[in-house]
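Single-letter residue listing:
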There are 2 protein chains.
Amino acid sequence: MSDTALIAIDWGTSSARAYRVDGAGHLLGSRKAPLGIKQVRNGRLDLALAQSLGDWSAESVPLIACGMIGSRQGWIEAPYVECPASLVALADRVVQTRVERLTIVPGIASVDAAGVPDVMRGEETQLLGAVNAGEHAVLAVLPGTHSKWARVDHGRVVDFTTFMTGELYALLIEHSMLGRLAEGRPDAAAQESFSVGVARGLAAGELAHDIFGARTLALAGTLAPDEVADWLSGLLIGREIRAAREWARRAGADPGTVRIIGDGTLPARYAHALADAGIVAQTGQPDAAAHGLWRIALQAGLVTALQPT
Amino acid sequence: MSDTALIAIDWGTSSARAYRVDGAGHLLGSRKAPLGIKQVRNGRLDLALAQSLGDWSAESVPLIACGMIGSRQGWIEAPYVECPASLVALADRVVQTRVERLTIVPGIASVDAAGVPDVMRGEETQLLGAVNAGEHAVLAVLPGTHSKWARVDHGRVVDFTTFMTGELYALLIEHSMLGRLAEGRPDAAAQESFSVGVARGLAAGELAHDIFGARTLALAGTLAPDEVADWLSGLLIGREIRAAREWARRAGADPGTVRIIGDGTLPARYAHALADAGIVAQTGQPDAAAHGLWRIALQAGLVTALQPT
């Protein structure tokens, strides 16, 4: 393990994923533990850190973390950096914990057209890991419980907007009258009913009305019980894409190509829905948070890059 | 009790409300029991009926019911009548149960602009009770778990549309991350934060994004914990009003005046939000279902109207 130059941690609400990174920024390995800040007992984040790292604790290298660990409920609050937020600004505003080796990356904040604030923690680091400093005018989506869409330009997050798509989907499936009509859960390979839902979401409409269609279409026999969840997932993702496309257009951005950043099965569903919307989907590299943390650590002077041998 | 000419029952999913009606259509009294079709054990709706009526069972008068009692999961299915649905069409299509004295009113169905069906059961009867046969071009809202907006003209429900506003509100407050930020529940006298939410809902936006504002405004200290529920309620009702107004306009209707039909505290909140939207709110008479059931029973020949003495 002597090649390790940095330990980078994507530390969110429900889990923490740690990466060993070498002096050229390559990932040597990763470990995931269900030790997100909401899962840790008695606020013992120090014990959670030791548990997440295991024998990596023996490495005498800097540690850097992003995500909810920097929130008011986390280890130490790293105040939000306002958009447009550059790699340099984030690196300048990292916060050092009293445990000397752990540095925490701030989240970023924005304000929407109506003057309401928007925030992210962790995704800013993924964005800076998945978009190279030389790229300009990249429109990116990070699908999830709270999906984020962002405009990234030359290493700066220019602006972003949040959609609670994943949380709404979970609420509807787990707790609503519509969920009781659904049998089975969607898998990565979306069904035709997913596309039908996407089409409904992309059309003009209002969410509180459109979702009622899951009931009436099931009542009419148009949607089978095992299609309801897929249709709802498509509808919610379709509406998100419609609204995000408008958001990008209002800012003068071209929503014709979107980079999807994220791991797991959700990116495949977004790729499918984007294609249905006539948008070119680019797949971002995996483990974007680790790459972003490496870049921030480098910029902050926590590590020095070696030339790859 | 010898004045009783009809027993009218508004029989929904969670409760049943029975009314004694005299031969001039006046309400003599009502009884409510938590015996909606989802609450009745072993499908014994006959026992639930006897329990709801109590000593009224001794009256040898016709019984008529509307609501989910006429659904596939109810006593007997009364198939939907397509819009435009007149009082005459509903009366023609009532269904007789094998218990000779109980007649069930059908629900009505419509199709939205995207070709997706919409349905109601019970609200059609409230609409026909709250709008006189001589009135034309009435735009009405029935606030609730699944709010309904309808255009009613000369005793016909021309068209309607459903919004799952109440259910979304309950999901967000009871099960979402936003609900955990909220302290207390809204009461009938809406706070200023309700109006702020309404304004956000009336503006251009997307629900999945706008609701996230409850979190960021709470984080910024703009919304106090005891204002979160009011703000969310306002936002959801505001979005419903915005979408319903567009729906009415597309049909060529004037959304400048809206009749609110319903009992309890929700109509007051809708009146407040409509005023914020610059719409004149009319308050419909209470117990609209009983009046509608009387009219349908009269039209169906179940009863004969006496001249009021």
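Structure shown above.
Below is a summary of the structure that appears in this document. Quantities reported herein were computed from a predicted structural model and do not represent experimental measurements.

What follows covers the sheet that holds strand E10 (residues 117-120) of chain A. All names here are of chain A. The strand order across the open sheet built from three strands is E5-E9-E10, with neighbouring strands paired in mixed fashion. Among the strands making up the open sheet, the edge pair consists of strand E5 (81-82) and E10. Direction of pairing for E5 relative to strand E9 (residues 108-111): parallel, over a ladder of two bridges. Looking across to E9, one finds that Val-81 is bridged to Ile-108.

The subject of this paragraph is the packing of aromatic side chains. Residues and elements named next belong to chain A. Applying the stated rule across the entire model yields two aromatic pairs over all chains. With 6.2 Å between their ring centres and 80° between their planes, Trp-11 and Trp-75 make a pair best called edge-to-face. On the criterion of sequence distance, the pair formed by Trp-11 in strand E1 (residues 4-11) and Trp-75 in the loop between strand E4 (63-66) and E5 is long-range, its members being 64 residues apart. Judged by its relative accessible area of 23%, Trp-75 is partly exposed. Taking the ring centre of Trp-247 as reference, the NZ or CZ of Arg-151 above it sits at 6.0 Å.

Let us look at the pattern of salt bridges. Following the criterion strictly, the structure yields 22 salt bridges over all chains and no others. For Asp-210 of chain A, the salt bridge goes to Arg-200 of chain A, with nearest N and O atoms at 3.3 Å. Highlighted residues: Asp-210 of chain A in helix H6 (residues 207-210) and Arg-200 of chain A in helix H5 (residues 192-202), separated in sequence by 10 residues. Judged by its relative accessible area of 2%, Asp-210 of chain A is buried. The partner of Glu-246 of chain B in a salt bridge is Arg-249 of chain B, with the nearest N and O atoms 3.1 Å apart. Of this pair, Glu-246 of chain B and Arg-249 of chain B both sit in helix H8 (residues 228-250), three residues apart, roughly one helical turn. Salt bridges here are not isolated pairs; linked through shared partners, they connect Asp-112 and Glu-206 of chain A together with Arg-200, Asp-210 and Arg-239 of chain B.

Turning to the relation of the copies chain B and chain A, a few remarks are in order. Rotating chain B by 180° and translating it 0.0 Å along the rotation axis places it on chain A, where the RMSD comes to 0.0 Å. In short, the pair behaves as if placed about a two-fold rotation axis. Most of the interface of chain B is mirrored in chain A: 100% of its interface residues are interface residues there too.

This part takes up the packing of helix H8 (residues 228-250) of chain A against helix H9 (residues 266-276) of chain A. Residue and element names in this part refer to chain A. For the pair H8 and H9, the least separation of the axes is 10 Å and the interaxial angle reads 65°. Every pair of crossing elements has a handedness; the one defined by H8 and H9 is right-handed. Seen from H8, the contacting residues are Asp-230, Ser-233, Ile-237, Glu-240 and Ile-241; seen from H9, they are Arg-269, Tyr-270, Ala-273 and Leu-274. In the contact of H8 with H9, the residues fall into five nonpolar, one polar and three charged.

All names here are of chain A. Strand order in this open sheet of six strands is E3-E2-E1-E4-E8-E7, and the pairing throughout is mixed. Only two strands of the sheet have a single partner each, and these edge strands are strand E3 (27-33) and strand E7 (95-96). As defined by bridge partners, strand E2 (residues 16-22) adjoins E3 across six bridges and the pair is classed as antiparallel. Considered in E3, the bridge of Arg-17 is made with Lys-32. Running at roughly 125° to E1, helix H1 (residues 45-53) makes contact with E1, E2, E3, E4 and strand E8 (102-104) of the sheet. Sheet contacts for helix H10 (residues 288-299): E1, E2, E3 and E4; angle to E1, the most-contacted strand, approximately 125°.

Listed as interface residues are 39 residues of chain B and, on the opposing side, 39 residues of chain A. Between chain B and chain A, a total of about 3,500 Å² is buried, with carbon and sulfur atoms accounting for 67% of that surface. Scanning the region where chain B abuts chain A turns up four salt bridges. One salt bridge in this structure joins Arg-239 of chain B and Glu-206 of chain A, with 2.9 Å as the shortest N-O distance. For the interface between chain B and chain A, the tally reads 17 residue pairs in polar contact (both at pLDDT 80 or more).

Right, let's get into the environment of Ala-268 of chain B. Considering the arrangement of structural elements, one finds Ala-268 of chain B in helix H9 (residues 266-276). Distance in space between the C-alpha atoms of Ala-268 of chain B and Thr-283 of chain B is 9.0 Å, their sequence separation being 15 residues.

A word on the nonpolar core. Ranked by size, the top nonpolar core spans 90 residues in total, and within it Trp-149 and Leu-232 of chain A together with Trp-149 and Leu-232 of chain B carry the most contacts. Each of domain 1 (4-127 + 289-299) and domain 2 (165-283) of chain B gives at least three residues to this core.

A separate point is unusual backbone geometry. Cis peptide bonds are those with omega within 30 degrees of zero, and the linkage from Cys-83 of chain A to Pro-84 of chain A qualifies with -5°. Secondary-structure assignment places Pro-84 of chain A in the loop between E5 and strand E6 (85-86). In this model, Asp-287 of chain A sits at a positive phi of 55°, which is unusual for a non-glycine residue. The topology assignment puts Asp-287 of chain A in the loop between strand E15 (280-283) and H10. At His-154 of chain B, a position not held by glycine, the phi torsion is positive, near 45°. The topology assignment puts His-154 of chain B in the loop between strand E12 (147-153) and strand E13 (156-163).

About the cut-offs
- Residue indices follow the written sequence of each chain, beginning from 1 at its first position.
- Lettering for chains starts from A, numbering for ligands starts from 1, and both go in the order in which the items are written.
- Residue-level local features of this predicted model are given only where pLDDT is at least 70; pairs of side-chain atoms are given and counted only at 80 or more, and the full residue set underlies all totals for whole chains, interfaces and linings.
- The side-chain quantities take in all heavy atoms of the structure and omit both hydrogens and water.
- In this scheme, strands are said to pair when DSSP sees at least two bridges between them.
- The helix and strand labels rest on DSSP assignments: H or I over at least four residues marks a helix, E over at least two residues marks a strand, and numbering proceeds from the N terminus.
- Stacked, tilted and edge-to-face are the three classes applied to pairs of Phe, Tyr and Trp rings, where Trp contributes its six-membered ring and a pair requires centres within 6.5 Å; stacked means planes under 30 degrees apart, edge-to-face means over 60, and tilted covers the rest.
- Note on exposure labels: buried denotes an accessible area under 20% of the residue type's maximum, exposed denotes more than 50%, and partly exposed covers the range between, all computed with a 1.4 Å probe on protein chains only.
- In this scheme, Lys NZ or Arg CZ marks a charge over a ring once it lies within 6 Å of the ring centre and within 35 degrees of the ring normal.
- Any carboxyl oxygen of Asp or Glu within 4 Å of a side-chain nitrogen of Lys or Arg constitutes a salt bridge here.
- Alignment of the copies relies on least squares applied to C-alpha atoms, considering only residues that score at least 70 for pLDDT in both.
- In what follows, residue pairs with any heavy atoms lying within 4.5 Å of each other are defined as contacts.
- Whenever a helix is involved, its axis is fitted only over the stretch in contact; in every case the axis is a line through C-alpha atoms, and angles between N-to-C directions fall within 0 to 180 degrees.
- Each crossing gets its handedness from the near helix: less than a right angle anticlockwise from the far helix is left-handed, clockwise is right-handed.
- Three classes are used, and their members are as follows: Ala, Val, Leu, Ile, Met, Phe, Trp, Tyr, Cys and Pro are nonpolar, Asp, Glu, Lys and Arg are charged, and the others, Gly among them, are polar.
- The term buried area denotes the loss of accessible surface (1.4 Å probe radius) that occurs when two parts are joined, taken as the sum for both partners.
- Any pair of nitrogen or oxygen atoms within 3.5 Å is treated as a polar contact; in protein, a donor-acceptor pairing is required on top of that, and neighbouring residues in sequence qualify only through side-chain atoms on both sides.
- As used in this record, nonpolar core signifies buried Ala, Val, Leu, Ile, Met, Phe, Trp, Tyr and Cys residues forming a set joined through side-chain atoms within 4.5 Å.
- Residue ranges assigned to the domains are those given by an automatic or database domain assignment.

Nothing here speaks to function; it is geometry throughout.
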